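Chain by chain, the residues:
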Amino acid sequence: MVTDSHVKQLVKILIGAAWLDGRIQPEERQYLHQVAQQSNVAEDPEIRPLLNELKSVSSNECYRWVQEYLGDHPSQEDYQGLIEAISALIYSDGDVDTEEAKLLTRLQLLDPAQTSPKSTHNNVLKAIQKLYHRWIDQQS
């Protein structure tokens, strides 16, 4: 079951991810406003200052929010939803920053479907390959 606080936490994570490269790109800003409106949290007192860039978000804060959102034993559904939402944000501006790639790599390590360190390593490599393939395709 998706709760309002769960949705709000996801939007906060997306805003934090947009700040990872030091500034929110126009395409990211548009995506964030669209998600916040669709999720009915754009006017939330906690979300509004973040969404309107009145307060920046540090990378540590973003990673803390990710950990709070997923918890110690995330469900595959929560994990997959987070990966998809962050990927959509990251690809919205057509440029994958190093810090954004690091976030995706860290998220791959948290995949609840992982069973061994070797498969974790392989999945991280696959995720990085997919990331760069998408980026290259967008440049074509």
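Residues numbered from 1 in each chain as written. Predicted model: local features only at pLDDT ≥ 70, side-chain atom pairs only at ≥ 80, totals over all residues. Heavy atoms only, no water.

A. Seen up close, helix α1 (residues 4–19). Spanning 16 residues, α1 covers 23 Å between terminal C-alpha atoms, matching the ideal 22 Å at 1.5 Å per step. Among the structural elements, α2 (26–38), α3 (48–51), α4 (59–70), α5 (76–92) and α6 (98–109) are those in contact with the buried residues of α1. (Helix = DSSP H or I, 4+ residues; strand = E, 2+ residues; numbered from the N terminus. Expected span 1.5 Å × (residues − 1). Contact = heavy atoms within 4.5 Å.)

B. Region of the structure containing the layout of surface pockets. Put simply, the largest pocket is a space of about 370 Å³. Around the largest pocket sit 19 residues that line it, and Ile83, Gln108, Ala127, Lys130 and Arg134 are the ones nearest its centre. If you list the elements that add at least two residues to the lining of the largest pocket, you get α5, α6 and α7 (117–139). (1 Å grid on protein atoms, 1.4 Å probe; cavity = no way out; pocket = protein on both sides within 12 Å on 5 of 7 lines; lining within 4 Å. Points joined across faces, edges and corners; volume = space filled by probe spheres on them.)

C. Quick peek at the nonpolar core. Of all hydrophobic cores here, the largest spans 40 residues; its most connected members are Leu14, Ile15, Leu32, Leu82, Ile86, Leu103 and Leu107. Secondary-structure elements contributing two or more residues to this core are α1, α2, α3, α4, α5 and α6. Those residues in contact with Ile86 that sit more than four places away from it in its chain are Ile13, Leu14, Leu103, Leu104 and Leu107. (Core = buried A, V, L, I, M, F, W, Y, C linked by side-chain atoms within 4.5 Å. Buried < 20%, exposed > 50% of the residue type's maximum accessible area, 1.4 Å probe, protein only.)

D. Geometry of the environment of Ala85. Its location among the elements puts Ala85 in helix α5. Residues Ala85 and Ile13, spaced 72 residues apart in sequence, show a C-alpha to C-alpha distance of 9.5 Å. Ignoring anything within four residues of it in the chain, the contact list for Ala85 reads Leu10, Leu14 and Tyr31.

E. Spatial organisation of the packing of α1 against α4. Across the interface, α1 lies against α4 with an axial gap of 9 Å and an inter-helix angle of 150 degrees. With respect to each other, α1 and α4 are oriented roughly antiparallel. The element α1 and its partner α4 pack so that their crossing is left-handed. Counted together, His6, Gln9, Leu10, Lys12, Ile13, Gly16 and Ala17 of α1 and Cys62, Trp65, Val66, Glu68 and Tyr69 of α4 form the full contact between these two elements. Its residues assigned to classes, the contact of α1 with α4 comprises 7 nonpolar, 3 polar and 2 charged. (Axes fitted to C-alpha atoms, helices over the stretch in contact; angles between N-to-C directions. Parallel < 35°, antiparallel > 145°, perpendicular 65-115°, else oblique. Left-handed = near helix turned anticlockwise from the far one by under 90°. Nonpolar A, V, L, I, M, F, W, Y, C, P; charged D, E, K, R; others polar.)

F. Representation of the packing of aromatic side chains in the model. Taken as a whole and judged by the stated rule, the model has 0 aromatic pairs. For the cation-ring pair, Arg106 lies above Tyr63, with the distance from its terminal atom to the ring centre recorded as 4.0 Å. (Phe/Tyr/Trp six-rings, centres within 6.5 Å; stacked < 30°, edge-to-face > 60°. Lys NZ or Arg CZ within 6 Å of the ring centre and 35° of its normal.)

G. A look at the pattern of salt bridges. Under the definition given, this model contains 9 salt bridges. A salt bridge links Glu46 to Lys12, with the shortest nitrogen-to-oxygen separation between them at 2.7 Å. In this pair, Glu46 is assigned in the loop between α2 and α3 and Lys12 in helix α1, connecting sequence segments 34 residues apart. Residue Glu46 is classed as partly exposed on the basis of its relative accessible area, which comes to 37%. A relative accessible area of 8% means that Lys12 is categorised as buried. Salt-bridge contacts for Glu99 lead to Lys102; the nearest nitrogen and oxygen are separated by 3.2 Å. With Glu99 and Lys102 both in helix α6 and 3 residues apart, the pair spans about one turn of that helix. By relative accessible area, Glu99 is classed as partly exposed at 26%. (Salt bridge = Lys/Arg side-chain N within 4 Å of Asp/Glu carboxyl O.)

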